[in-house]
Amino acid sequence: MALHFERSEFDARLARLLARMQEEKLDAMLLFAQESMYWLTGYDTFGFCFFQTLVVKADGSLTLMTRSADLRQAQLTSVITDIRIWVDRVNADPTLDLKELLSDLDLLGARIGIEYDTHGMTGRIARLLDQQLASFGQIVDASYLVSRLRLTKSPAEITHVERAAALADDALDAALSLVKVGADESDILEAMQGAVFAGGGDYPANAFIIGSGAEALLCRYKSGRRKLDADDQLTLEWAGVDAHYHTAMMRTVVIGTPSHRHRELYSACLETLQAIETILMPGHTFGDVFDMHAKIMDERGLSRHRLNACGYSLGARFSPSWMEHEMFHMGNPLEIQENMSLFVHMIIMDSDSGTAMTLGQTYLTTSQAPKALSRHPLEFLNR
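Since this is a predicted model, take the numbers as computed values, not measurements. (Residues numbered from 1 in each chain as written. Predicted model: local features only at pLDDT ≥ 70, side-chain atom pairs only at ≥ 80, totals over all residues. Heavy atoms only, no water.)

(A) Structural detail: the UniProt feature "domain: Creatinase N-terminal" (unreviewed entry) in the protein. Per the UniProt annotation, the sites labelled "domain: Creatinase N-terminal" (unreviewed entry) are residues 13–151. In residues 13–151, the share of helix is 38% and the share of strand is 19%. The end C-alpha atoms are 12 Å apart. (UniProt positions renumbered as here; feature names shortened; annotations may be inferred. Helix = DSSP H or I, 4+ residues; strand = E, 2+ residues; numbered from the N terminus.)

Encoded structure:
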């Protein structure tokens, strides 16, 4: 079996989930998030773009309903033994098959939690599912139950997080070896992704971000490449990935002579990130982290140029995003705990002057100061 963890690790995760289900008085959970299925069982596929769900009963039994294409995928990569197939056909409604399965599992009239807030649940499927289960039992939105359990990492998970961090550093080394006047973004991107693959890593859950010139102010990947000018700026956001565990980084590299604005914005990024390091620990909340970010940026007159979030939790994620639900934004009461892998990014995009500056890395939280997972210093990058 192609498992990345010992069976005892999966048993411990199931025990944690069953305890939370008992607290929420849930007789069963319907997992639609691929991340949840992977975390709980090892099941590894991109087949969640079609209908599939993992039924977890309060007695600990696991039943996967999926398509025939994923039967062997589940058998090879997971600890699931009860796998049911719904048949592709004209006008197929797998939610009807699911209702029959739930009845077979003696869940009629049960209190059932469902993961709605996930890319594995389309709006159409949600509507069909609600129609089928409206009179079947009591339906509860449990979108974040497993997501919250995934926040704290076990020692075995931390091993993958740290390996992903090394791959992210390798990717930055590969990029910086190529960044110069006339360099092609295509070559830089190839080198970064190639470094992750060469180190035994995976595809990222979303595309690496690369942009220069005016496109250095973008926070998303876009198609199209250009070559670096004599005086230019290059923004990169990427992640090392090991067993689907992501460790992200972000940098803006200045090519040629840096402008005063580049230096000024870098100073703001560094000051803010260092201040956040003093509160990125138990006793503070995700909202506290954002408040520190907003306070320093706004005091420097950068409120129009900063974002409304400054990072998020990371873990084992699948397309289309490596971002977890839990973000550093205003008012988030979620408490920081030990052994969380948290990506903190400073992103300043000054459209008035056309200047970009970013600085970001992933931390592992401890009982005291957080541990930066990158071997690279937070220095101003100039080539």
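Next comes the rest of the account.
(B) Quick look at the sheet that holds strand β1 (residues 28–31). Within the open sheet, the six strands sit side by side as β4-β3-β2-β1-β5-β6. Their pairing is mixed. The sheet is open, and its two edges are formed by β4 (82–85) and β6 (138–141), each paired on a single side. Averaged over all pairs of adjacent strands, the angle between their axes in this sheet comes to 20°, without regard to strand direction. Taken strand by strand, helix α2 (residues 34–41) contacts β1, β2 (53–57) and β3 (62–66), and its axis lies near 50° from that of β2. (Pairing = 2+ DSSP bridges. Axes fitted to C-alpha atoms, helices over the stretch in contact; angles between N-to-C directions. Contact = heavy atoms within 4.5 Å.)

(C) Up close: helix α4 (residues 94–104). If you check which residues of α4 are buried, you get P94, T95, L98, L101 and L102. Take α4 and look down its axis: the buried residues cluster within an arc of 110°, on one side only. Packing partners of the buried residues in α4 comprise β1, β2, β3, β4, β5 (111–114) and α5 (123–133). Directly beyond the C-terminal end of α4, a positive phi value near 60° is found at D106. (Buried < 20%, exposed > 50% of the residue type's maximum accessible area, 1.4 Å probe, protein only. Arc of directions from axis to C-beta.)

(D) Region of the structure containing the packing of α4 against α5. At a minimum axis distance of 9 Å, the contact between α4 and α5 shows a crossing angle of 40°. In terms of axis orientation, α4 runs oblique to α5. When the axes of α4 and α5 are compared, the crossing they make is right-handed. Note on element contacts: α5 touches α4 through I125, L128, L129, Q132 and L133, opposite T95, L96, L98, K99 and L102. Class assignment for the residues of the contact of α4 with α5 results in seven nonpolar, two polar and one charged. (Parallel < 35°, antiparallel > 145°, perpendicular 65-115°, else oblique. Left-handed = near helix turned anticlockwise from the far one by under 90°. Nonpolar A, V, L, I, M, F, W, Y, C, P; charged D, E, K, R; others polar.)

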